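In case you want the letters, here they are:
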Amino acid sequence: MAKQPASEKSPAKAKAPKSAARDISADSDDFILHSLQEEFENNKRFDADADQMLEFYRQMLLIRRFEEKAGQLYGLGLIGGFCHLYIGQEAVAIGLQSALDGDKDSVITGYRDHGHMLAYGIDPKVIMAELTGREAGISKGKGGSMHMFSTEHKFYGGHGIVGAQVALGGGLALAHQYNEDGGFCLAYFGDGAANQGQVYETFNMAALWNLPIVFVVEDNQYAMGTSTKRSSAETRFYRRGTSFRIPGMDVNGMDVLEVRAAAEVAFKHVRDGKGPVLMELNTYRYRGHSMSDPAKYRTRDEVQDQRDNHDPIERLKKTLIDAGKTEEELKAIDKEIRKVVAEAADFAENSAEPEAGELYTDVLVEEY
């Protein structure tokens, strides 16, 4: 028997979503695909007070120092398998996740996931312990770098299959809608994953069912090792939702205040029941795709230019200094963060490895 097309299936057998699908017909004249971008362009900088800016600075610096330490531990053989660092992309996770409602909203991402977990405020010790495969890790040492979870924080991974998290994010959004809990799903994926078919299947269903989801393309320009110009016919990913009538937003992912301003616009749109949004966050990773990638597909001058002229932490540091903070105050924060990261590494190295029996836990939802 032929399978029923996904778009023709009912979202749920027992209970249909109460939110009516919006009018996506061709003659609908009240839906403007560029409306969110225009609203964002009117005010592209979040009006953060001094305390908020310091917190953004502290959180981005924590991700940067944590990832640098993770790279060192990988080099020492204390982190096995793959390890994808988030250095350079810190403003994306902090800018977006600082605008979430931690009691309602969910997050799902790919395998470059350490930064997203730290952006939640989760203890760096349990994240580092997970990286090193220890029992004290947030996934009991069984997820490692690529497959971290924290259902307590509504963080659902950490997925190794490119683009798979987008379809799962659609499921999380459907759950938010079905349960009428007022939350939405923030689903991250990269420019490489943006060419996966399951991404567009999810776009279609999300628009058709008016699901509460924000799709976020973290465009770091190279996917694994091929530039977007060589791999993608349409390199402006925020336009990829056009055929599904999903409004797009083009955002500088190297400026945390711009990211947060964009988040305010996009998240309100979704919370107001107006359906999904597609955000393109233009960013840059300073390291290779993973720790095993020498990144010979780009020049040192290109990477140095990004560090010198576009670094998100240095950008916010300049803003803080212009606002009256001193170099000494900011150096003190850096010193404090380095201590936190060092303690996390020591904790991980001195934690026990999981017992052999742990291999058989958390395999099935129920016990048999």
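Note that this is a predicted model, so its numbers are computed, not measured.

**A closer look at the sheet that holds strand 4 (residues 248-252)**
Then, in step 1: Sheet architecture is open: 5 strands sit in the order 1-2-3-5-4, paired in parallel fashion. A strand with exactly one partner marks an edge of an open sheet, and here the two such strands are strand 1 (106-108) and strand 4. Between one strand and the next, the sheet's axes are offset by a mean angle of 20°, whatever the strand orientation.
Then, in step 2: Pairing of strand 2 (residues 185-190) with strand 3 (residues 213-219), which is carried by 6 bridges, proceeds in the parallel orientation. Note on strand 3: the bridge partner recorded for cysteine 185 is isoleucine 213.
Then, in step 3: Across the sheet, helix 7 (residues 197-208) touches strand 2, strand 3 and strand 5 (277-282), and the angle it forms with strand 3 is around 150°.

**Overview of the packing of aromatic side chains**
Two aromatic rings, taken as a pair, are described by how far apart their centres are and by the angle between their planes.
Then, in step 1: As enumerated under the stated definition, the model contains 11 aromatic pairs in all.
Then, in step 2: Between phenylalanine 46 and phenylalanine 56, the aromatic rings sit 6.5 Å apart at their centres with planes inclined by 45°, giving tilted as the arrangement. Of this pair, phenylalanine 46 sits in the loop between helix 1 (35-41) and helix 2 (50-75) while phenylalanine 56 sits in helix 2, placing them 10 residues apart in sequence.
Then, in step 3: Accessibility expressed as a relative area gives 18% for phenylalanine 46, which makes it buried.

**Section: the nonpolar core**
Then, in step 1: Counting 74 residues, the largest nonpolar core has Leu96, Leu186, Met249, Phe267, Met279 and Leu316 as the members making the most contacts within it.
Then, in step 2: If we skip the residues at most four places from it in the chain, leucine 186 touches Leu96, Gln97, Leu100, Ser106, Val107, Ile108, Val214, Val216 and Phe267.
Then, in step 3: Among the nonpolar cores identified, the runner-up in size contains 23 residues, and Val166, Ala187, Leu211 and Ile246 belong to it.

**Thoughts on the confidence of the model for the protein**
Reading predicted coordinates in detail is not appropriate for stretches of low pLDDT.
Then, in step 1: Counting all residues, the mean pLDDT for the protein is 90, and 91% of those residues have values of 70 or more.
Then, in step 2: The low-confidence segment residues 1-14, where pLDDT is below 50, has 12 contacts with residues more than four positions distant or belonging to other chains.

**Comments concerning unusual backbone geometry**
Then, in step 1: The step from glycine 157 to glycine 158 runs through a cis peptide bond, and the omega angle for that step is 15°.
Then, in step 2: Within the secondary structure layout, glycine 158 lies in the loop between helix 5 (124-131) and helix 6 (164-179).
Then, in step 3: With phi around 60°, lysine 140 is a residue other than glycine that occupies positive phi space.
Then, in step 4: You can call lysine 140 partly exposed: its relative accessible area is 37%.
Then, in step 5: For aspartate 362, which is not glycine, the phi torsion reads 60° and is therefore positive.

**Section: helix 11 (residues 312-322)**
Then, in step 1: Regarding helix 11, the residues found buried are Pro312, Ile313, Leu316, Lys317 and Leu320. Take helix 11 and look down its axis: the buried residues cluster within an arc of 135°, on one side only. The outward face of helix 11, more than 90 degrees from its buried face, is lined by the exposed residues Lys318 and Asp322.
Then, in step 2: As for helix 11, its buried residues are in contact with helix 2, helix 3 (90-97), helix 9 (256-271), helix 10 (300-310) and helix 12 (327-349).

**Considerations on the pattern of salt bridges**
Then, in step 1: What the rule picks out here adds up to 22 salt bridges.
Then, in step 2: Its salt-bridge partner being aspartate 255, residue arginine 45 comes within 2.2 Å of it at the nearest N-O pair. With arginine 45 in the loop between helix 1 and helix 2 and aspartate 255 in the loop between strand 4 and helix 9, this residue pair connects regions lying 210 residues apart in the sequence.
Then, in step 3: Taking the shortest distance from any N to any O, the salt bridge between arginine 65 and glutamate 68 comes out at 3.1 Å. A residue pair is termed a helical-turn pair when its members lie 3 or 4 positions apart in one helix, as arginine 65 and glutamate 68 do in helix 2 at 3 residues.
Then, in step 4: You can call glutamate 68 partly exposed: its relative accessible area is 23%.
Then, in step 5: What you see here is one network of salt bridges that share partners, running through Arg65, Glu68, Asp334 and Arg338.

**With respect to the side chain of aspartate 113**
Then, in step 1: Tracing the chain through its elements places aspartate 113 in the loop between strand 1 and helix 4 (114-119).
Then, in step 2: Of the side chains with opposite charge, arginine 112 comes closest to the buried, unpaired aspartate 113, at an N-O distance of 8.9 Å.
Then, in step 3: Setting aside its immediate chain neighbours within four residues, aspartate 113 contacts Ser145, Met146, His147, Met148, Phe155 and Gly158.

**Some points on the pairing of strand 2**
Then, in step 1: With 5 of its 6 residues buried, strand 2 lies for the most part within the structure.
Then, in step 2: Where strand 1 meets strand 2, 3 bridges bridge the pair, whose relative direction is parallel. Bridged to serine 106 within strand 2 is cysteine 185.
Then, in step 3: On the question of chirality, the crossover connecting strand 2 to the parallel strand 3 by way of helix 7 is right-handed.

**A closer look at the environment of lysine 125**
Then, in step 1: Turning to its location among the elements, lysine 125 is positioned in helix 5.
Then, in step 2: Placed 126 residues apart in sequence, lysine 125 and valine 251 show a C-alpha to C-alpha distance of 32 Å.

**A short note on the packing of helix 3 against helix 9**
Then, in step 1: Look at helix 3 against helix 9: their axes get within 8 Å of each other, and the N-to-C directions meet at 40°. Taken together, helix 3 and helix 9 sit at an angle that is classed as oblique. Here helix 3 and helix 9 pass one another in a crossing that is right-handed. Of helix 9, the residues touching helix 3 (which contributes Ala91, Val92, Ile94, Gly95 and Leu96) are Val256, Val259, Arg260, Ala263 and Phe267.

Criteria and thresholds
- Residues numbered from 1 in each chain as written.
- Predicted model: local features only at pLDDT ≥ 70, side-chain atom pairs only at ≥ 80, totals over all residues.
- Heavy atoms only, no water.
- Pairing = 2+ DSSP bridges.
- Helix = DSSP H or I, 4+ residues; strand = E, 2+ residues; numbered from the N terminus.
- Axes fitted to C-alpha atoms, helices over the stretch in contact; angles between N-to-C directions.
- Contact = heavy atoms within 4.5 Å.
- Phe/Tyr/Trp six-rings, centres within 6.5 Å; stacked < 30°, edge-to-face > 60°.
- Buried < 20%, exposed > 50% of the residue type's maximum accessible area, 1.4 Å probe, protein only.
- Core = buried A, V, L, I, M, F, W, Y, C linked by side-chain atoms within 4.5 Å.
- pLDDT = per-residue confidence, 0-100.
- Arc of directions from axis to C-beta.
- Salt bridge = Lys/Arg side-chain N within 4 Å of Asp/Glu carboxyl O.
- Lys, Arg positive; Asp, Glu negative; His and termini not counted.
- Right-handed = clockwise from strand over helix to strand, strands pointing away.
- Parallel < 35°, antiparallel > 145°, perpendicular 65-115°, else oblique.
- Left-handed = near helix turned anticlockwise from the far one by under 90°.

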